[in-house]
Amino acid sequence: ALDSSVFRETLEQADVAVSITDGKANILYVNPAFTRVTGYSAEDAVGRNQSLISNKTTPRTVYTSLWRKITNGQSWSGRLVNRRRDGTPYLADLTITPVQDASGVTVNYLGMHRDITLLH
Ligand code: FAD
């Protein structure tokens, strides 16, 4: 059986930018691929809100529908313009999944994204 260190090491080595947040999108964990894509180390990112990597150009209605879906217990996938630590924007293909406890309450969110700028 897989133990938790194997799960952790798998996330650490995954070639998709992964973040785990609390229920208000405050970052609790980022993997090395997140650092490669965004330029933010775990030290920079943990404790900040996910909006840290927003380019501030995505229409508010996108966020409203995203939050409506994830607070309703469903996954959301879509494309957003993010901004790296060095200021360069990139197109992100993002999936956010609510992580629920045994009683069905959302306690965390899992974010997974890739830079698809070159594919666009
Ligand atoms: P905000 O004030 O955060 O919110 C904009 C609107 O979203 C609000 O008006 C409201 O309708 C809704 N909203 C915000 N927070 C909540 C809440 N706690 N409960 C209910 N509704 C809420 N954004 C990106 O731009 N890029 C990303 O890569 C990205 N990844 C994310 C990954 C995860 C796991 C999660 C949970 C969120 C992610 N977000 C991402 C969304 C991010 O948290 C912000 O909502 C977004 O960046 C807009 O930030 P803001 O400060 O402009 O507006």
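Along each chain, residues carry numbers from 1 onward, in the same order as the chain's sequence is written. Owing to the predicted nature of the model, reporting of local features is limited to residues with pLDDT of at least 70; listing and counting of side-chain atom pairs is limited to 80 or more, with chain, interface and lining totals taken over all residues.

Asker: Which parts of the structure should I look at to understand the overall build of the protein?
Answerer: For the purposes of this entry, the term helix denotes a DSSP run of H or I that reaches at least four residues, the term strand denotes a run of E that reaches at least two, and both are numbered from the N terminus. The secondary structure content of the protein amounts to four helices and five strands. Its helices and strands taken in sequence order, the protein reads α-β-β-α-α-α-β-β-β from the N to the C terminus. By the compact-globule yardstick of 14 Å for 120 residues, the protein fits well, its C-alpha radius of gyration being 14 Å. Oriented by its inertia axes, the alpha-carbon framework of the protein measures out at about 40 × 30 × 25 Å. Here a residue counts as buried when 20 or more other C-beta atoms sit within 10 Å of its C-beta, as exposed when there are 12 or fewer, and as partly exposed otherwise, the C-beta atoms being derived from the backbone. Taking all 120 residues of the protein together, 16% fall into the buried category. Residue pairs are scored as contacts if the distance between their C-beta atoms, which are placed from the backbone, is within 7 Å. The contacts in the protein between residues at least 6 apart in sequence include a share of 36% that link residues at least 24 apart. In this treatment the radius of gyration is a C-alpha quantity, and the globule benchmark scales as 2.2 Å times the residue count to the 0.38 power.

Asker: How do you make sense of the sheet that holds strand β1 (residues 17-21) when you look at a structure like this?
Answerer: Hydrogen bonds along the backbone pair up the strands of a sheet, which may run parallel or antiparallel. Two strands are counted as paired when DSSP detects at least two bridges linking them. One open sheet holds the five strands; their spatial order is β2-β1-β5-β4-β3, and the pairing between them is antiparallel. Because the sheet does not close on itself, it has two edges, and the strands there are β2 (27-30) and β3 (76-83). This sheet shows a mean twist of 30 degrees between the axes of neighbouring strands, independent of strand direction. In this structure, β3 lies alongside strand β4 (residues 89-100), joined through eight bridges in antiparallel fashion. Residue pairing for β4: N82 is matched across the bridge by Y90. What counts as an axis is a line fitted to C-alpha atoms, over the stretch in contact for a helix, and the angles between N-to-C directions run from 0 to 180 degrees.

Asker: Teacher, can you tell me more about the site of the ligand here?
Answerer: Residue proximity rests on one test: whether the C-beta atom, placed from the backbone, lies within 6 Å of the molecule or strand. Taken together, 23 residues form the shell around the ligand, and within it A25, S51, S54, W67 and G111 come nearest. Elements with a minimum of two residues in the shell around the ligand: β1, α4 (60-70), β3, β4 and β5 (106-115). For the shell around the ligand, the per-class residue count stands at nine nonpolar, 12 polar and two charged. In the scheme used here, Gly and all other residues not listed as nonpolar or charged are polar, with Ala, Val, Leu, Ile, Met, Phe, Trp, Tyr, Cys and Pro taken as nonpolar and Asp, Glu, Lys and Arg as charged.

Asker: What am I meant to see in the environment of I27 here?
Answerer: Among the structural elements, I27 can be located in strand β2. Along the primary structure I27 and N49 are separated by 22 residues, whereas in three dimensions their C-alpha atoms are 5.8 Å apart. Once residues within four sequence positions are removed from consideration, I27 is found in contact with S19, T21, A45, V46, G47, R48 and Q50.

Asker: Which parts of the structure should I look at to understand the confidence of the model for the protein?
Answerer: Low-confidence regions, as indicated by low pLDDT, have predicted coordinates that should not be scrutinised in detail. The predictor's confidence in any single residue is recorded as pLDDT, a number from 0 to 100. This prediction gives the protein a mean pLDDT of 96; 99% of its residues lie at or above 70. Interface confidence for the predicted complex, expressed as ipTM, amounts to 0.95; the pTM equals 0.95.

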